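Listed here are the chains, written in short residue letters.
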Amino acid sequence: MPRPRVRASGALSVVLASLAIAGPGHPTLPWISPVTVRAQASAALPTPEQFFGFRMGADRKLANWDRLLEYYRTLAKASDRVRLVELGHSSEGRPYIALFISSPANLARLETLRQMNATLADPRGAAPGEIDRIVKDGRAVVIQTFALHSNEVAAAQTAAEFVHDSLTRTDEEATRIRDQVISIVVPSINPDGTQMIADWYMKYVGTEFEAAALPWLYQKYAGHDNNRDGFALNLPESRHLAKILYREWVPQAYVDHHQMGATNARLYIPPYAEPIRPDGDPIVWREMAWWGAHMGTHLEAAGKTGVVGAAIYSGWGHMGFHWITPFHNIAGMLTESASARLATPMFLHPDQLRGGPRNLPEYGPQTNMPSVWPGGWWRVRDIVEQQKIAAWATVDLAARNRETVLRNMYLKASRQVERGTTGPVKAYVLPAGQHDAPTVRKLVNMLLASGVEVHEARAQMVVDGRVYGPGSFVVPMAQPKQALVRWMLGRTFYPDNTYTRERDGTPIRPYDMATDTFGEFMGVRSDPVAEAVPATALTRVASPLVPSAVVAAAAPHGYVLDGRQNDSYRAVFLLLGKGIGVRRVNVGTADGRIRAGDFLVPPGDVQAIARQAGVDFVAATNPVPANMTALAAPRIGLFQRYRGGNMDEGWTRLLFEQFDVPFTSVRDADVKAGGLDTKFDVIVLPADSLAAMTGEDPPAGARGGGGGEGGSAQSTTPPEFRSGFGADGVKALQAFVDAGGTLLTFGQAGDLPLQRFSLPLRNVVANVPSREFWSPGSTLRVRYANDHALAFGMPKEGLALFMSGSQVYEVTSTDRSQDVSILATYADRDLLQSGWLLGEQVIARKAAAVAVRRGKGQVVLIGFRPQNRAQTHGTFKLVFNALMTRP
């Protein structure tokens, strides 16, 4: 169905600006808000060198975010060619801004141009001739982002020069760009990290620790994983960018500027290498090659060498911003510059330069890299210059070809609607009555946040011969973003062909994971249907869904919380934190009204907690079950190390905060001090390598399983930030379990108890060659022992996300078999739901998660990451159960 259309005259825009209207049905329009600083054309603009006292990219110099923000505010006050818009705040509270750069005439009618652009992005319902008028009178829209990965230091510096040049150059090319393009610059996607890295680096310049890696994550929760948040939008920074990128502006082109390793090409530019993720409109892939060729031409003309395209980075990548945007019909692109040592120059001899993955077999001239860099000194200034050329070429192409890129936007959107209308799948239906209904609503809200059209069934309906109840959600494919819907909700198989295998048959690791099917990650059933659902049966979901949070008016026997719902656990943590007694049902009632795993809450005022957690408190029927366990507020320790930090720990910390889980971060010194049982009931080891946890130096090139600097040597790190709890820490953890504690491990962190606790288990996939077993980020079918307290609330059959470093368990000792409880088991056959799986027989019928009794306590090993990136809602309950279930 066509989206509602709004047309704002200039007078209306002024009214909206003066009232700053916001709320349901009235989106905030910050680019016309009175909060936006009004620029003055007459003032002189300081160059970055004048403002900062050094040239951007100068050796051993970095501008931090505080000063960069001050600079952008200075420019915005002095120029009528830019609007500075504060989109919100970062995870640590810093301003998150976007700069809208164009001619004063364009900026004066920015909202009108935005609405014209919106019509091209979704042309359904456009009046005859309207598209031609918009192509003639509209402006191209380009968004470019910088400094997502903050230790890739050049981009934050590049942005300052690029913005200054965009405002001050008066040549014909620059004037044409401002006249024909709305250039939206996000100068740092990660302001916190830009501040952290610059301050850290400058503190140690000139010392033996110059260019040492930051010891902790450079984004509070995600670190380097912050570009894996392009759909879930767990981070505030991601939500701010998604607002302008997916919903409010939907540009024709998007470029994210990055850095890569130091020893191959000097710069990667579009297009991507094979394989690509199909189902985007073909024009979007042609456009990436077009933009990349324009960048390459400009770079070669400027004498920049070692520039490669169609190599290194495949078109099938993670669903971060530059890889997900093609399915929003945006030419989503990436540049990757060779790195220096933060802002310290690096010298490279010619024989240190090598080829790279995917279409760069050796370092030498080829059609996609016609000139090679000969070696020598490599500086951040080199990176700034080539990034600035690539960024300028991006807006230059849009300006020179404005009508073509606008027409292409219309063609991509309209042809995707047609494909969705005529294709074999007409819609995906999320049936009512699912296992965890609040999580279904969260998935709907994720789709809405990406600008996807969703409808709700008003009454029972029959589609494809299946009956769907009222409250079912329908996601039609006849919409411009139908390809995004397909990848988020549809079963996915990663290609297995010559692009994805070496010549000897060894599989090549995908760039991140083999599937990003969020419906599967979240445990939400989505049915592809071949029959279009009549519009008369549906109501469009116009705004984010709000949980009902109904509390029974009378509950003399107390309230029941559904143990199948993740949000019930949040309510329980809140209740326990307030000292309210909660009991857990071990055996349900015969009538099924109360199930094993449900929670019983005493009568009282629970309205505030119901609203905060977003769950219903249902009146308990009499008699209540007799077999119940009283719960106590758990004392939880979450292990956090240095060595660059552990991304899996960061995501776990975010998950705990989202669900109000009480926890304390535990460092090496805390572990080594011992006496852990007096402080904690549960200690959590997120996915990580044994070496990264203990502090041992692994073989060269090895990395921690959870991410971050992981396994690198620590000799270049200041002593106070060297990490590892060593043998003393291992003994302390053993004593903690023996005294009655629960040690909970995710993924590769299971190596610690497997190798140091003498458990009667082995990891059956350890050291198995990839040609014999391979599952790089895939959803696999699992049977859950949901009659066990550690698996309460899980479905009998479900999915688990198997990633690199995941473990699979087999009991090895018959005399200790009784100490092992198997919580989840891989299916007998046909394990693969989505992704790529080779050698399923290696793990079929083997344990995916176990609990092992040791002394008075237990070790709970979940072989996969049940909380991966705070995205895998379908397995969160395994984590929560382990936190609240005593041995």
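Thresholds, definitions, all that
- Residues numbered from 1 in each chain as written.
- Predicted model: local features only at pLDDT ≥ 70, side-chain atom pairs only at ≥ 80, totals over all residues.
- Heavy atoms only, no water.
- Helix = DSSP H or I, 4+ residues; strand = E, 2+ residues; numbered from the N terminus.
- Rg over C-alpha atoms; globule rule 2.2 N^0.38 Å.
- Buried < 20%, exposed > 50% of the residue type's maximum accessible area, 1.4 Å probe, protein only.
- Areas by Shrake-Rupley, 256 points an atom, 1.4 Å probe, with all protein chains shown as cover.
- Lys, Arg positive; Asp, Glu negative; His and termini not counted.
- Charge placed at Lys NZ, Arg CZ, Asp CG, Glu CD.
- Pairing = 2+ DSSP bridges.
- Expected span 1.5 Å × (residues − 1).
- Polar contact = N/O pair within 3.5 Å; in protein donor to acceptor, adjacent residues only side chain to side chain.
- 1 Å grid on protein atoms, 1.4 Å probe; cavity = no way out; pocket = protein on both sides within 12 Å on 5 of 7 lines; lining within 4 Å.
- Points joined across faces, edges and corners; volume = space filled by probe spheres on them.
- Nonpolar A, V, L, I, M, F, W, Y, C, P; charged D, E, K, R; others polar.
- Salt bridge = Lys/Arg side-chain N within 4 Å of Asp/Glu carboxyl O.
- Axes fitted to C-alpha atoms, helices over the stretch in contact; angles between N-to-C directions.
- Contact = heavy atoms within 4.5 Å.
- Phe/Tyr/Trp six-rings, centres within 6.5 Å; stacked < 30°, edge-to-face > 60°.
- Lys NZ or Arg CZ within 6 Å of the ring centre and 35° of its normal.
- Parallel < 35°, antiparallel > 145°, perpendicular 65-115°, else oblique.

When you look at the overall build of the protein chain in this model, what are you seeing that I'm missing?
Summing up its helical and strand segments, the protein chain has 25 helices and 36 strands in all. For the protein chain, whose C-alpha radius of gyration is 28 Å, the value lies close to the compact-globule estimate of 29 Å for 887 residues. In terms of overall dimensions, the protein chain has a C-alpha envelope of 80 × 65 × 50 Å along the principal axes. By residue count, 62% of the 887 residues in the protein chain fall in the buried class. Working note: accessible area of the protein chain is about 31700 Å², and carbon and sulfur atoms make up 52% of it. In the protein chain, which carries 92 positive and 84 negative side-chain charges, the distance between the mean positions of the two groups comes to 2 Å.

Looking at this model, I keep getting lost on the pairing of strand E10 (residues 331–338). Mind explaining?
For a regular strand, side-chain orientation follows a simple rule: the groups alternate between the two sheet faces. Counting buried residues in E10 gives eight out of eight residues, a clear majority hidden from the surface. Residues Ala331, Met333, Thr335 and Ser337 line one face of E10 and the alternating positions Gly332, Leu334, Glu336 and Ala338 line the opposite face, and both faces are buried. Sheet topology places strand E5 (residues 253–260) next to E10; eight bridges connect them, and they run parallel. For Met260, the partnering residue across the bridge sits in E10 and is Ala338.

Whenever I open this one, helix H11 (residues 282–301) confuses me. Can you help?
Helical geometry note: an α-helix holds 3.6 residues per turn, so side chains three or four residues apart project in the same direction. When the terminal C-alpha atoms of H11 are compared, their 29 Å separation across 20 residues agrees well with the 28 Å that a helix rising 1.5 Å per residue should span. Inspection of H11 places Ile283, Val284, Trp285, Glu287, Met288, Trp291, Gly292, His294, Met295, Gly296 and Leu299 among the buried residues, and these make up the whole buried set. At the N-terminal boundary of H11, the capping side chain belongs to Asp281, with an oxygen 2.9 Å from the backbone nitrogen of Ile283.

I would appreciate a short explanation of empty space enclosed by the protein in the present structure.
Rolled over the atoms, a probe with the dimensions of a water molecule shows which regions are left empty. Enumeration according to the criterion identifies five cavities of 30 Å³ or more in this entry. Considering only enclosed or pocket space, the largest cavity measures out at about 70 Å³ in volume. Together, Leu62, Ala63, Ala147, Ser150, Glu152, Val153, Ala156, Gln157, Gly193, Thr194, Ile197 and Ala198 line the largest cavity. Listing elements by their share of the lining of the largest cavity, those giving two or more residues are helix H7 (154–168) and helix H9 (191–204). The greatest single-element share of the lining of the largest cavity, amounting to four residues, is contributed by H9. Of the residues in the lining of the largest cavity, the class split is seven nonpolar, four polar and one charged.

Is there a simple way to explain the pairing of E5 in this structure?
Most of E5 sits out of view: eight of its eight residues are buried. Where burial is concerned, the two faces of E5 agree: the one with Ala253, Val255, His257 and Gln259 and the one with Tyr254, Asp256, His258 and Met260 are both buried.

Looking at this structure, I do not really get the pattern of salt bridges. What am I missing?
If the charged atoms of two oppositely charged side chains come close together, the side chains can form a pair. Enumeration according to the criterion identifies 57 salt bridges in this entry. For Arg73, the salt bridge identified is with Glu86, shortest N-O distance 3.5 Å. Note that Arg73 is positioned in helix H3 (residues 65–78) and Glu86 in strand E1 (residues 82–89), a separation of 13 residues in sequence. Looking at Arg73, the relative accessible area reads 36%, which means it is partly exposed.

For this particular structure, what's the right way to read the sheet that holds strand E8 (residues 307–309)?
Ordered by their spatial adjacency, eight strands build an open sheet running E1-E2-E4-E3-E5-E10-E6-E8, and the pairing between neighbours is mixed. Looking at strand neighbours, the two that pair on one side only are E1 and E8, the edges of this open sheet. Mean inter-strand twist for the sheet, computed between neighbouring axes without regard to direction, equals 20°. Pairing of strand E6 (residues 267–269) with E8, which is carried by three bridges, proceeds in the parallel orientation. Across the sheet, Leu267 pairs through a bridge with Val307, a residue of E8. Across the sheet, H11 lies against E5, E6, E8 and E10, angled at about 35° from E10, the strand it touches most. The strands touched by helix H13 (residues 380–400) are strand E3 (140–146), strand E4 (181–186), E5, E6 and E10; relative to E3, the strand with the most contacts, the crossing angle is about 165°.

I'm lost on the environment of Val879 in this one. Help?
Residue position: Val879 is located in helix H25 (residues 876–884). For the pair Val879 and Phe746, spaced 133 residues apart in the sequence, the C-alpha separation amounts to 9.2 Å. Not counting chain neighbours up to four residues away, the residues in contact with Val879 comprise Phe656, Leu744, Phe746, Pro866 and Gln867.

I'm lost on the environment of Trp285 in this one. Help?
Mapping Trp285 onto the fold places it in helix H11. Expressed as a C-alpha distance, the spacing of Trp285 and Gly332, which sit 47 residues apart in the sequence, is 9.1 Å. Setting aside its immediate chain neighbours within four residues, Trp285 contacts Tyr272, Ile276, Arg277, Gly280, Gly315 and Phe327.

Got a minute to help me understand the sheet that holds strand E22 (residues 599–601) in this structure?
The strands that make up a sheet are held in pairs by hydrogen bonds between backbone atoms, and each pair lies either parallel or antiparallel. Judged by pairing direction, the sheet is antiparallel, and its five strands sit side by side in the order E23-E20-E22-E21-E24 without closing on themselves. Two strands bound the open sheet, and with one partner strand each, they are strand E23 (618–619) and strand E24 (628–631).

Where do I start with the side chain of Arg124 in this structure?
Its place among the elements puts Arg124 in the loop between helix H5 (110–121) and helix H6 (130–137). For Arg124, the side chain forms a polar contact with the side chain of Asp122, separated by 2.9 Å.

Whenever I open this one, unusual backbone geometry confuses me. Can you help?
Glycine aside, negative phi is the norm for most residues, and most peptide bonds take the trans geometry. A cis amide bond links Glu274 to the next residue, Pro275, at an omega of 0°. Of note, Pro275 is situated in strand E7 (residues 273–276). Residue Asn622 is joined to Pro623 through a cis peptide bond whose omega torsion reads 5°. Here Ser758, not a glycine, exhibits a phi torsion of approximately 55°, which is positive. If you trace the backbone, Ser758 turns up in the loop between helix H24 (751–756) and strand E29 (761–763). Phi at Arg845 takes a positive value of approximately 65°, unusual for a residue other than glycine.

Would you take a moment to explain the packing of aromatic side chains for this structure?
Aromatic ring pairs are defined here through the distance separating the ring centres and the angle between the ring planes. Scanning the entire structure with this criterion turns up 43 aromatic pairs. Taking the centre distance of 5.7 Å and the plane angle of 75° together, the rings of Trp200 and Trp216 count as edge-to-face. One end of the pair, Trp200, is in helix H9; the other, Trp216, is in the loop between H9 and helix H10 (236–248), with 16 residues separating them in the sequence. By relative accessible area, Trp200 is classed as buried at 5%. Of the aromatic side chains, those joined through ring pairs into one cluster are Phe51, Phe52, Phe54, Trp65, Tyr71 and Tyr72. Across the ring face of Trp487, the terminal group of Arg277 is positioned such that the distance to the ring centre comes to 5.1 Å. Looking at Arg667, its charged tip hangs above the ring of Tyr642, at a distance of 4.0 Å from the centre.

Explain the packing of H11 against helix H14 (residues 402–422) to me, please; I cannot follow it from the model alone.
Geometrically, a packed helix pair is captured by the angle between its two axes and the distance between the axes. Put simply, H11 and H14 touch, their axes get as near as 9 Å, and they point 155° apart. Relative to H14, the element H11 lies roughly antiparallel. Taking contact as the criterion, the partners of Pro282, Ile283, Val284, Glu287, Trp290 and Trp291 in H11 are, on H14, Thr404, Val405, Asn408, Leu411, Lys412, Arg415 and Arg419. Grouping the amino acids of the contact of H11 with H14 by side-chain chemistry returns seven nonpolar, two polar and four charged.

Explain the environment of Ala399 to me, please; I cannot follow it from the model alone.
Within the fold, Ala399 resides in helix H13. The class for Ala399 is buried, based on a relative accessible area of 6%. For the pair Ala399 and Ile177, spaced 222 residues apart in the sequence, the C-alpha separation amounts to 5.0 Å. In contact with Ala399, other than residues within four places in its own chain, are Arg176, Ile177, Gln180 and Val181.

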